[in-house]
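# What the coordinates show
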Amino acid sequence: QVQLVEYGGGLVQAGGSLRLSCVVSGRTFSAYTVGWIRQAPGKERKFVAGISSSGGSTSYGDSVKGRFTISRDNQNTVYLQMNSLKPEDTAVYYCAAGRRDGTLYGVGYEYWGQGTQVTVSS
């Protein structure tokens, strides 16, 4: 079993920055691809970013390319640095982990965190 806990959400003004953290525990951290997915009120979940188990490959949703950066350390944490935030980035942000094909691109996750709220005011 793998547990994921997100940290770092909050309220920020448009143009500002936030860094989210996802702490992964329970199994070998380095075996899992990890992604960030967000869900705005009344909308479906949407892929934000993914990072491979080795950290050597990353992918991003079109709406965040050039503004968000995903990274991971050698211990148990995946980060999402969010810059130039916009009101449309307001959502609950989830981290998720998996080992299946497609997890780098937002599908096939086996484990999910509870989410953290990010609110961007205009």
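Refer to the preceding data block for the structure.
Definitions and limits used
Residues numbered from 1 in each chain as written. Predicted model: local features only at pLDDT ≥ 70, side-chain atom pairs only at ≥ 80, totals over all residues. Heavy atoms only, no water. Phe/Tyr/Trp six-rings, centres within 6.5 Å; stacked < 30°, edge-to-face > 60°. Helix = DSSP H or I, 4+ residues; strand = E, 2+ residues; numbered from the N terminus. Buried < 20%, exposed > 50% of the residue type's maximum accessible area, 1.4 Å probe, protein only. Lys NZ or Arg CZ within 6 Å of the ring centre and 35° of its normal. Core = buried A, V, L, I, M, F, W, Y, C linked by side-chain atoms within 4.5 Å. Contact = heavy atoms within 4.5 Å.

So, about the packing of aromatic side chains. Taken as a whole and assessed by the stated rule, the structure comprises three aromatic pairs. Their ring planes at 70 degrees and their centres at 6.1 Å tell us that Y32 and Y111 sit as a pair that is edge-to-face. Placement of Y32 in the loop between β3 (18-25) and β4 (33-39) and of Y111 in strand β10 (residues 111-112) is noted, with a sequence separation of 79 residues between them. Each of the two residues, Y32 as well as Y111, counts as buried. With centroids separated by 5.7 Å and ring planes inclined at 80 degrees, the aromatic side chains of Y109 and W112 adopt a geometry described as edge-to-face. Taken together, the aromatic side chains of Y94, Y109 and W112 make up a single cluster linked through ring pairs. The aromatic ring of W112 is capped on one face by R45, whose charged end is 4.5 Å from the ring centroid.

Another point: the nonpolar core. If you look at the biggest cluster of nonpolar residues, it comprises 29 residues, and the most contacted ones within it are W36, L80, M82 and Y93. At the level of elements, β3, β4, β5 (46-51), β7 (68-72), β8 (77-82), β9 (91-98) and β11 (116-121) are the ones that each hand at least two residues to this core. Among residues more than four places away in sequence, those in contact with L80 are L18, R19, L20, W36, V48, A49, F68, T69, I70 and Y93.

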